[in-house]
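Residues per chain are reported as follows:
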Amino acid sequence: TNAARLEEAFLERIGALPADVLQVLRLSAVMGSPLPLDIAIRASAQSPDQVSRAIAQLRSEYLLRAATRAAEHGSTSDNIQAVEPYHDRVRETVRERLTPAQRKELHLQLALALEARIAPDTESLAFHFERAGHVDKTFQYALDAAANATKALAFERAARFYRQALETKPVVGEQRQALYRQLGEVLANGGRGEESGRAFLEAADCASPADKRELQIRAVAQLLRSGNTQDGVQLLREQLAALGLRYPETPRE
C-alpha cells in the first residue's frame, strides 16, 4: 500500500544517515522536550560546527525542526536554540529502532550534559538518570526537584518527585519518616487529603513514640477532611484510647 511504501522510504532515510547525524536525531527523540543546542553538543561529544551541520541536514530532510519561534522564522541555523523531532512519528520511529542499551546510554549522555550546566534542571535530571539506571543520582535529583517544586508552591509536582524518590530505592528509619512526612505535607497543601493521610500513616510506622502520635493525629485530620470518616474515626478512637479517653458514641455525648 501507499502507507507501507511511505513507511519503508521513511525508515530507509533514517537508516542512511551518517552516524554523527543519526546521533543528534536520537538524542532529540529521547529528550522528551526540545533539545537545547548546548546539550546536543555536549551529549553528542561533537563540535558546534558538526552539530550545526547535522541539524541543517536533519531539517532539510524534515526529520528535525527548530523549537524556537525566532529560529522557525529565521533563515539560518545560527538562530536555533533548540530542536525537536519534526513530528511524533519521527520520534516514535527513532525510539522503536533503539535497543534498551542504546536508550540507556542516550539518557545517560543527556543527563551528564544537563548536569554540567551552571543551573541544572533537577526535574530533567531525575527523569534522565532514572532511565539511565543510575539509582543514587535519580534519588538525589528527585528530592531536589521536589524541594524546588515545593518552594514554587507546585504541590502536585512536588508529590510526584517525592514518590519517585521513594520508589527509586528503599529508605528506612528517620529518612523514610522524613520523606513520607514531606509527602504528606505537600499532598495536604495540594488538597489531596486522603493521600496525605496515608502518607502520614506511612511516616508514623517508622517514627518514635512521640512523633508517631503527632503523625497519626495529622493523618486523622486529613482523612476526616477528605470525607473518609470511617478510617478517620477509627484512627481517632485509637488515639483517644491511648490517652485513656473514650470516643463519644451518641450525638449527645
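Here is what the cut-offs are and how they apply
- Residues numbered from 1 in each chain as written.
- Predicted model: local features only at pLDDT ≥ 70, side-chain atom pairs only at ≥ 80, totals over all residues.
- Heavy atoms only, no water.
- Helix = DSSP H or I, 4+ residues; strand = E, 2+ residues; numbered from the N terminus.
- Expected span 1.5 Å × (residues − 1).
- Buried < 20%, exposed > 50% of the residue type's maximum accessible area, 1.4 Å probe, protein only.
- Salt bridge = Lys/Arg side-chain N within 4 Å of Asp/Glu carboxyl O.
- Pairing = 2+ DSSP bridges.
- Phe/Tyr/Trp six-rings, centres within 6.5 Å; stacked < 30°, edge-to-face > 60°.
- pLDDT = per-residue confidence, 0-100.
- Contact = heavy atoms within 4.5 Å.
- Core = buried A, V, L, I, M, F, W, Y, C linked by side-chain atoms within 4.5 Å.

Enquirer: Before we go on, may I ask you to explain helix α2 (residues 19–31) in this structure?
Expert: Residues spaced three or four apart along an α-helix face the same direction, because each turn holds 3.6 residues. Its 13 residues give α2 an end-to-end C-alpha distance of 18 Å, which sits within 8% of 18 Å, the value for a rise of 1.5 Å per residue. Counting buried residues in α2 gives 10 out of 13 residues, a clear majority hidden from the surface. Along α2, the residues that are buried comprise V21, L22, Q23, V24, L25, L27, S28, A29, V30 and M31. Taken from the residues just after α2, G32 is the one with a positive phi, measuring 85 degrees.

Enquirer: Any chance you could explain the pattern of salt bridges here in plain terms?
Expert: For side chains bearing opposite charge, pairing can occur when the charged atoms are close. Enumeration over the complete set of coordinates arrives at 18 salt bridges. Among the salt bridges present, the one from E115 reaches K137, with a minimum N-O distance of 2.6 Å. One end of the pair, E115, is in helix α7 (residues 100–115); the other, K137, is in helix α9 (residues 135–151), and 22 residues separate them in sequence. The partly exposed category is assigned to E115, whose relative accessible area is 22%. Across the pair E214 and R218 runs a salt bridge whose closest N-O atoms are separated by 3.8 Å. Residue E214 and its partner R218 are located together in helix α13 (residues 209–225), separated by four residues, close to a single helical turn. Residues participating in the shared-partner salt-bridge network are E156, R163, R192 and E195.

Enquirer: What's the story with the sheet that holds strand β2 (residues 64–66) in this structure? I'm lost.
Expert: Hydrogen bonds between backbone groups are what pair the strands of a sheet, and the pairing can be parallel or antiparallel. Spatially, three strands are ordered β1-β3-β2 in an open sheet, and the strand pairing comes out antiparallel. Each edge of the open sheet is held by one strand with a lone partner, namely β1 (35–36) and β2. The pairing of β2 with strand β3 (residues 82–85) spans three bridges and is antiparallel. Bridging across to β3, A66 finds its partner in V83.

Enquirer: In this structure, what is going on with the packing of aromatic side chains? I would like to understand it.
Expert: Each aromatic ring pair is summarised here by two numbers: the centre-to-centre distance and the angle between the ring planes. In the structure shown here, the tally under the stated rule is two aromatic pairs. Here Y62 and Y86 contribute two aromatic rings whose centre-to-centre distance is 5.5 Å and whose plane-to-plane angle is 80 degrees, an arrangement assigned as edge-to-face. Note that Y62 is positioned in the loop between α4 (48–60) and β2 and Y86 in the loop between β3 and α6 (88–96), a separation of 24 residues in sequence. Taking relative accessible area as the criterion, Y62 reaches 52% and is therefore assigned exposed.

Enquirer: Explain the confidence of the model for the protein chain to me, please; I cannot follow it from the model alone.
Expert: Interpretation of this model should avoid reading the predicted coordinates in detail wherever pLDDT is low. In this model, the protein chain carries an average pLDDT of 87, and 93% of its residues clear a pLDDT of 70 or more. Long-range and interchain partners of residues 70–77, a stretch whose pLDDT sits below 50, account for eight contacts in this model, where long-range means more than four residues apart.

Enquirer: How should the nonpolar core be read in this particular structure?
Expert: A general trend in soluble globular proteins is that nonpolar side chains are found buried together. L25, L35, L58, L63, L110 and L183 are the most contacted members of the largest nonpolar core, which has 70 residues in total. Those residues in contact with L183, other than ones at most four positions away along the chain, are A159, Y162, R163, L166 and A199.

Enquirer: I tried to follow the pairing of β3 on my own but got confused; where do I start?
Expert: Regular strands place their side chains on alternate faces of the sheet. Sheet analysis places β1 next to β3, joined by two bridges and oriented antiparallel. Opposite P36, over in β3, you have A82 as the bridge partner.

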